[in-house]
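Below are the chains, spelled out letter by letter.
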Amino acid sequence: MSDQGGYGYQGNQNWQPAPYGQPDPYGRRPTNTLAVLALVFAFLIAPLGIVFGHIARGQIKRTGEEGDGLALAGLIIGYIFTALGILAVIVWIAFFGLLAAAFGNAADEASSRSFTYTTPYSYSTTTTRAPSAPTTAPKTTTPPRVTTSIGPAPTVSGTDRQGFISGGPSCNSTNPAVAIAVTTGSRIVICETGVGRYYYKGQRLSDGATIELDDPTPTGNGFTVTNKDVTYKLTSAGLVITGSGGELGREPALEFWMN
């Protein structure tokens, strides 16, 4: 029952469905698919999320679909993650560059060290003895060997009272040896000038280089002599070479004799 002229309930006789293909004024608008994909790919593949976001916003403006907020969020997150990814790549490249430079410097330093090695002490083919009075100074140029028989004969193999007979240092013709030694690296003889002074002669076994030094000092069981800042100490135990920085070398004695 209805009242056509009154103010009562009119029913649904004026309702009409929305024409086909147009948005339903009483229904919810659909969400743009690319907007959803933009937000998803912003976390997975950020640059792809940026692309989907821009396309989705363009479509939403034309169709009136829902999802503009999703597309915008995808764009923002995509740009942030893309920037962070680029920054991470830059930091990674810089790190490996510094690491490669460090390894290169270490290799260069090791190479330079291998070419600057020096022996802790060295022999010289020239005498370093200081000049002394003509009547007492030993001579480095000697006449034919004249062996003295004063005192006991040395017990070191291949020697006599003036030092090594061949292949090693020996005293001048008028100077007797007071100590002779063969170490693992050297042949050594200590000679007396005849006036209470001594001189040291050494020969390195590895290459035959020689050294001659003035005024070694008796130490009870051997002799000690200094050449600039290097000290040679010969005892029955062997030869010890020290410098300003500490011990430079140690050669145990194989044979030793001292008068």
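Residues numbered from 1 in each chain as written. Predicted model: local features only at pLDDT ≥ 70, side-chain atom pairs only at ≥ 80, totals over all residues. Heavy atoms only, no water.

Right, let's talk about the UniProt feature "transmembrane region" (unreviewed entry) in the protein chain for a bit. In the numbering used here, UniProt assigns the feature "transmembrane region" (unreviewed entry) to residues 34-56 and 76-103. Along residues 34-56 one finds 96% helix and 0% strand; the C-alpha atoms at either end are 5 Å apart. Along residues 76-103 one finds 100% helix and 0% strand; the C-alpha atoms at either end are 41 Å apart. (UniProt positions renumbered as here; feature names shortened; annotations may be inferred. Helix = DSSP H or I, 4+ residues; strand = E, 2+ residues; numbered from the N terminus.)

Looking now at the nonpolar core. Counting residues in each nonpolar core, the largest one holds 16 residues, and the members touching the most others are I190, Y200, Y232 and L239. Those elements that provide at least two residues to this core are β3 (177-183), β4 (186-192), β5 (198-204), β6 (210-214), β8 (222-227), β9 (230-235) and β10 (238-243). In this structure, C171, A177, Y199 and W257 belong to the second largest nonpolar core, which totals 10 residues. (Core = buried A, V, L, I, M, F, W, Y, C linked by side-chain atoms within 4.5 Å. Buried < 20%, exposed > 50% of the residue type's maximum accessible area, 1.4 Å probe, protein only.)

It is worth spelling out the packing of aromatic side chains at this point. Considering all chains together, one arrives at 6 aromatic pairs under this definition. Each ring, one from F43 and one from F81, has its centre 5.8 Å from the other, and the planes form 85°; the classification is edge-to-face. Placement of F43 in helix α1 (residues 33-44) and of F81 in helix α3 (residues 68-115) is noted, with a sequence separation of 38 residues between them. Through pairs of rings, three or more aromatic residues link up here, namely W92, F95 and F96. (Phe/Tyr/Trp six-rings, centres within 6.5 Å; stacked < 30°, edge-to-face > 60°.)

A word on helix α2 (residues 46-63). Taking 1.5 Å of rise per residue, the 18 residues of α2 would be expected to cover 26 Å, and the 26 Å separating its terminal C-alpha atoms lies within 8% of that figure. In the segment just after α2, G64 is the residue with positive phi, at about 75°. (Expected span 1.5 Å × (residues − 1).)

All right, on to the side chain of T159 then. Inspection of the secondary structure assignment puts T159 in strand β1 (residues 159-160). By relative accessible area, T159 is classed as buried at 12%. Among the polar contacts made by the side chain of T159, one reaches the main-chain carbonyl oxygen of V156 at a distance of 2.6 Å. Look past the residues within four positions of T159 in its chain and what remains in contact with it is P154, F164, I165 and I180. (Polar contact = N/O pair within 3.5 Å; in protein donor to acceptor, adjacent residues only side chain to side chain. Contact = heavy atoms within 4.5 Å.)

Here the structure, examined in full by the defined rule, presents 5 salt bridges. For D68, the salt bridge goes to R57, with nearest N and O atoms at 3.0 Å. One end of the pair, D68, is in helix α3; the other, R57, is in helix α2, with 11 residues separating them in the sequence. Overall, D68 belongs to the partly exposed group, its relative accessible area being 30%. Between D207 and R204 there is a salt bridge; the shortest N-O distance is 2.8 Å. (Salt bridge = Lys/Arg side-chain N within 4 Å of Asp/Glu carboxyl O.)

With that settled, consider the sheet that holds β4. The antiparallel open sheet is built from 9 strands, whose spatial order is β6-β5-β4-β3-β11-β10-β9-β8-β7. With one partner strand each, in any of the chains shown, β6 and β7 (217-218) form the two edges of the open sheet. Inspection of the sheet shows β3 paired to β4 by 5 bridges, in the antiparallel sense. Among the inter-strand pairings, A181 is bridged to a residue of β4, identified as I188. (Pairing = 2+ DSSP bridges.)

Turning to unusual backbone geometry, a few remarks are in order. The backbone phi angle of D215 is positive, close to 55°, even though this residue is not glycine. Mapped onto the fold, D215 is located in the loop between β6 and β7. Given the relative accessible area of 40%, D215 is considered partly exposed. Despite not being glycine, K228 shows a phi value in the positive range, around 60°. Mapped onto the fold, K228 is located in the loop between β8 and β9.

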